[in-house]
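Summary of structural features
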Amino acid sequence: MGKFILLGTAKGLVVYRRSSAGWRYHQHNFLGIPVSMALQDPHSGYWWACLDHKHWGPKMQYSSDQGITWTEVTVPKYPDNAEVEPGIPATLRYIWTLVFGNKQGEIFVGTEPGGLFVSLDGAQSFQLVKSLWDHPTRPQHWFGGGRNYAGIHSIVVDPDTSDHVYVGVSCAGVFETTNGGDTWEVRNQGLRADFLPNPQAVAGHDPHMMFACKSMPSVLWQQNHCGVYRSTDAGVSWQDVTDREDRARYGFTLGIDHKDPLKAWVVPATSDSQRIAVDQSLFVMYTKDGGKTWEEQRQGLPQHHCFDIVLRHALDVEDCALVLGTSGGSLYVSDDCGISWQSLNHHLPRIFS
């Protein structure tokens, strides 16, 4: 595992640092300001934070010196003629995710109300991907999943070419471009949306988190509103691989092994009406055979009177090391692929990423 854990929380960026003595609290930035996304640029090593000011709106900053100083950059802006509904101008409400492309300075940002933005100059400027914004499914089939409008929370960039990108939209589903965003194909075949009049509708699905295996990009996973799904044909079709007891039928987060396309982790939650830990017990479910079988990982996690869940971006996997943060502000790490967990803190703010 790396040297730092960057936590986007409801009260700022919290950083843990690893030493020979183990993980220790290191520093806090943006005290009191919600940080929806925090991560490190794999090209430059810079730290990035997406802020959700209640008064000033979404902001983005980066640090080249591990959080000692920060530089604010331009946030994505919708064109003046973009409308989220007829007569309602589209404005940036929330930054759901930030993903780096294959070249330094190439940045993809997913937002509410469902806009995908791309920068080729390190966030000095952003352009809305109009072809996706104008997709014919939007007017009737894109809607808010727990928020007012649709949100792009998952962006998967092919490690071989940034012209090949998938996005996960709540609520709309999965969309793919293979030509740099000129056109987009709907990739929802095999998914079920039990909350729709037609569960097999072309669009209107609710993926909660999605990844592709970097060593085998044709294998994709998603934790959906209605189950865990896996694709082995680059998203053309999806198979329901939810555990047989349906304990992970609902949940938000997902982690995969980027070296082994058969391995994945999810953290179950109850239905959308409750959103609490299943049976008031926090546990992780793990598969090493592509979802044919699942095992529960509970050691070190609270098993009584626990209401915490794990939000979309609050589980991270690096080789056999995992980190998860909960909605109640608890932080856990595992160095053995999730078999056992160590608690680092139970008193942090709500953890978003």
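Details of the structure are given in the entry above.
Cut-off values and rules
Residues numbered from 1 in each chain as written. Predicted model: local features only at pLDDT ≥ 70, side-chain atom pairs only at ≥ 80, totals over all residues. Heavy atoms only, no water. Core = buried A, V, L, I, M, F, W, Y, C linked by side-chain atoms within 4.5 Å. Buried < 20%, exposed > 50% of the residue type's maximum accessible area, 1.4 Å probe, protein only. Contact = heavy atoms within 4.5 Å. Pairing = 2+ DSSP bridges. Helix = DSSP H or I, 4+ residues; strand = E, 2+ residues; numbered from the N terminus. Axes fitted to C-alpha atoms, helices over the stretch in contact; angles between N-to-C directions. Phe/Tyr/Trp six-rings, centres within 6.5 Å; stacked < 30°, edge-to-face > 60°. Lys NZ or Arg CZ within 6 Å of the ring centre and 35° of its normal.

**Section: the nonpolar core**
One broad trend across soluble globular proteins is that nonpolar side chains are buried collectively. If you look at the biggest cluster of nonpolar residues, it comprises 27 residues, and the most contacted ones within it are Ile5, Leu7, Tyr16 and Trp265. If sequence neighbours within four positions are ignored, Tyr16 has contacts with Lys3, Phe4, Ile5, Leu7, Trp23, Arg24, Tyr25, His26, Leu331, Leu344, Asn345 and Leu348. Of all hydrophobic cores here, the second largest spans 23 residues; its members include Trp48, Ala90, Val109 and Leu128.

**Observations concerning the sheet that holds strand β5 (residues 47-53)**
Taken together, 4 strands build an open sheet; the order of strands is β4-β5-β6-β7 and the sheet is antiparallel. Here the strands that pair on one side only, and so sit at the sheet edges, are β4 (35-40) and β7 (71-73). Geometrically, the sheet is characterised by an average inter-axis angle of 25° between neighbouring strands, direction not taken into account. As paired elements, β5 and strand β6 (residues 57-63) share 7 bridges and run antiparallel to each other.

**Describing the packing of aromatic side chains**
This structure, assessed with the given rule, holds 13 aromatic pairs. Ring centres of Tyr46 and Tyr62 lie 5.3 Å apart, and the angle between their planes is 5°; on these two criteria the pair is classed as stacked. Of the two residues, Tyr46 is situated in the loop between β4 and β5 and Tyr62 in strand β6; the sequence distance between them amounts to 16 residues. Overall, Tyr62 belongs to the buried group, its relative accessible area being 19%. Centre to centre, the rings of Trp265 and Tyr286 are 5.0 Å apart; their planes meet at 25°, and the pair counts as stacked. Of the two residues, Trp265 is situated in strand β23 (residues 264-268) and Tyr286 in strand β24 (residues 284-287); the sequence distance between them amounts to 21 residues. Note on accessibility: Trp265 and Tyr286 belong to one class, buried. Taken together, the aromatic side chains of Tyr46, Trp48, Tyr62 and Phe100 make up a single cluster linked through ring pairs. Lying over the aromatic face of Tyr94, Arg147 brings its terminal NZ or CZ to 4.3 Å of the ring centre.

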